[in-house]
Amino acid sequence: MTTPPAGTLTIAEAAAEFSAANTYLSACTSGLPTKSTQLELAGDLQRWSHGLASAVEYGSIVEETRTLFARLMGTDPSRVASGSQTSSLVSIIAAGVPDGAEILCVNGDFSSVPHPFVQQAHRGVTVRYVSIEDLAASIRPSTHMVAFSLVQSATGSIADARAIRAAASRHGALTLCDTTQAVGWLPVSADDYDITVTHTYKWLCVPRGVAFMTMHPRLFDSYRPIAAGWYSSDNVWSSCYSTSMTLAPDASRFDVSPAWPAWVGARAALSFFNRLEMNEVRSHNVDLGNLLCESLGMDALDQAIVTWPDADGSQLARLTAAGIVASGRAGRARVAFHLWNSRADVERVVAALH
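Numbers given for residues are sequential positions, taken from 1 along each chain in its written order. For a predicted model such as this one, the threshold for reporting local features is a pLDDT of at least 70, and the threshold for listing and counting side-chain atom pairs is 80 or more; totals across whole chains, interfaces and linings nevertheless cover every residue. As a rule here, side-chain values cover all heavy atoms of the structure and leave hydrogens and water aside.

Draft legend 1. Just the overall build of the protein, in detail. Assigned secondary structure in the protein consists of eleven helices and twelve strands. Across its three principal axes, the protein shows a C-alpha extent of roughly 65 × 55 × 35 Å. Summary of the burial criterion: residues with accessible area below 20% of their type's maximum are buried, those above 50% are exposed, and those between are partly exposed, where the area comes from a 1.4 Å probe applied to protein chains only. Per-residue burial for the protein yields a buried fraction of 52% across its 354 residues. Contacts were defined at the residue level, with two residues in contact if any of their heavy atoms lie within 4.5 Å. Sequence-distant contacts, at least 24 apart, represent 71% of the contacts inside the protein between residues at least 6 apart. Counted charges follow a simple rule, with Lys and Arg positive, Asp and Glu negative, and His plus the chain ends left uncounted. For this purpose, a charge sits on NZ of Lys, CZ of Arg, CG of Asp or CD of Glu. Placing the 25 positive and 32 negative side-chain charges of the protein at their respective mean positions leaves the two points 3 Å apart. Strands are runs of DSSP state E lasting at least two residues, helices are runs of H or I lasting at least four, and both sets are numbered from the N terminus onward.

Given below as structure tokens:
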């Protein structure tokens, strides 16, 4: 079992762990590595180059990281499956829903959530789209599952998760929540949902290629590990060449073989985030987002991601010309505030746009 990381970091101490030299406002696209993550990755590269990297040691790192993620999500490691991409994890679920199932999704949600279900149309599975604001009210007795992102990638809008869970419970629908744009700045409890999926390279600042799925134990036997391999067994080292396999008894039956170097970075990053008070991170990010809204004459959004119309891309171009790293999605300019950002970054955005 991983020893809990010692000592809670202040926001100022956390910010000092990043070394961005410019105004980086794109955590919603890709996070930045902490200094400890950089050191761990460099050390791993050295060990590998000298022939000292060990598959067994990498396996231990994966298990430590699984425990760190479980702690961050307020759940047990036995409920956590490891993967590499959210779409592949959602595909496990999509392949296992009943023929003819109705899946309720959000119009404009990131495609990794609805598209695996869309690919099950040959079995009569239907995907119904509604706005994020209407999601809870749109759940009905025929809804098998509601699949949605807690924070919408294109707009930063935060779903009314409590209302969605309550409506799903009333109608007997399962909940699948993508927390990729939430975990790392917004407090999240995995056990509030039947299933969650999370890619960690954004707000958790992990190298790309490390993703997780959490699942309630009553659902373990409801889905097949469609990408089963040696890492899906109850003993990974005895299953490398066997003609039969006993699946792991817990969520690790859905594991895929890990991309080892990324997990070295993941362990360092998740150790760091376990030392943060997530409500303080939320306040820091939201305060900066609201300050930008006020400065641009917009209503406060209480979001870490702030977007505004930019159909021709001119607003994003102004930010880029001023040396600000931002992004554009769905015809909107998009900025994101995280630990390394400050009021000075807000001032730079306002100056660039005016």
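Having seen the model, we can carry on.
Draft legend 2. Spotlight on the packing of aromatic side chains. Each Phe, Tyr or Trp ring, with Trp reduced to its six-membered ring, pairs with another whose centre is within 6.5 Å; inter-plane angles below 30 degrees give stacked pairs, above 60 give edge-to-face pairs, and intermediate values give tilted ones. Applying the stated criterion across every chain, the model contains eleven aromatic pairs. A centroid spacing of 4.8 Å and a plane angle of 65° characterise the contact between F18 and W340, whose relative ring orientation is edge-to-face. Of the two residues, F18 is situated in the loop between α1 (11–15) and β1 (23–24) and W340 in the loop between β12 (332–336) and α11 (343–353); the sequence distance between them amounts to 322 residues. You can call F18 buried: its relative accessible area is 8%. Given a relative accessible area of 13%, W340 falls into the buried group.

Draft legend 3. Quick peek at the side chain of Q315. Tracing the backbone through its elements, the reader meets Q315 in helix α10 (residues 314–321). Pairs of N or O atoms within 3.5 Å make up the polar contacts considered here, provided that, within protein, one atom can donate a hydrogen while the other can accept it, and that residues adjacent in sequence are counted only when both atoms are side-chain atoms. For Q315, the side chain forms a polar contact with the side chain of W308, separated by 2.9 Å. Among all residues touching Q315, those that are not within four sequence positions of it are W308, P309, D310, A333 and L353.

Draft legend 4. Highlighting empty space enclosed by the protein. Definitions used throughout: a 1 Å grid over protein atoms alone; a cavity as a set of points that fits a 1.4 Å probe which cannot get out; a pocket as an open set with protein on both sides within 12 Å along at least five of seven lines; a lining residue as one with an atom within 4 Å of a point. Grid points are joined across faces, edges and corners, and a volume is the space filled by probe spheres set on the points. Enumeration according to the criterion identifies one cavity of 30 Å³ or more in this entry. If you go around the largest cavity, the residues you meet are T75, R79, A190, D191, Y193, D194, T214, M215 and H216.

Draft legend 5. Fine view of the sheet that holds strand β11 (residues 327–329). By the convention used here, strands pair only if DSSP detects at least 2 bridges between them. Taken in spatial order, the three strands line up as β9-β12-β11 in an open sheet, and their pairing is antiparallel. At either margin of the open sheet sits one strand with a lone partner, and together these are β9 (305–309) and β11. Each adjacent strand pair in this sheet contributes to an overall mean axis angle of 35°, direction not counted. Note: β9 against β12, five bridges, orientation antiparallel. To get an axis, fit a line to the C-alpha atoms, keeping to the stretch in contact for a helix; angles then go from 0 to 180 degrees between the N-to-C directions.

Draft legend 6. Quick peek at the sheet that holds strand β5 (residues 143–149). Ordered in space as β2-β8-β7-β6-β5-β3-β4, the seven strands form an open sheet in which the pairing is mixed. Unpaired on one side and paired on the other, β2 (80–83) and β4 (126–130) mark the two borders of the sheet. On average, adjacent strands in this sheet sit at an angle of 20° to one another, irrespective of strand direction. Here five bridges tie β5 to strand β6 (residues 174–178), and the two strands are oriented parallel to one another. Counterpart to S149 in the pairing with β6 is D178. In the packing of helix α3 (residues 55–72) onto the sheet, contacts are made with β2, β7 (195–199) and β8 (211–215), and the angle to β2 comes to roughly 125°.

Function cannot be inferred from these measures alone, as they are strictly geometric.
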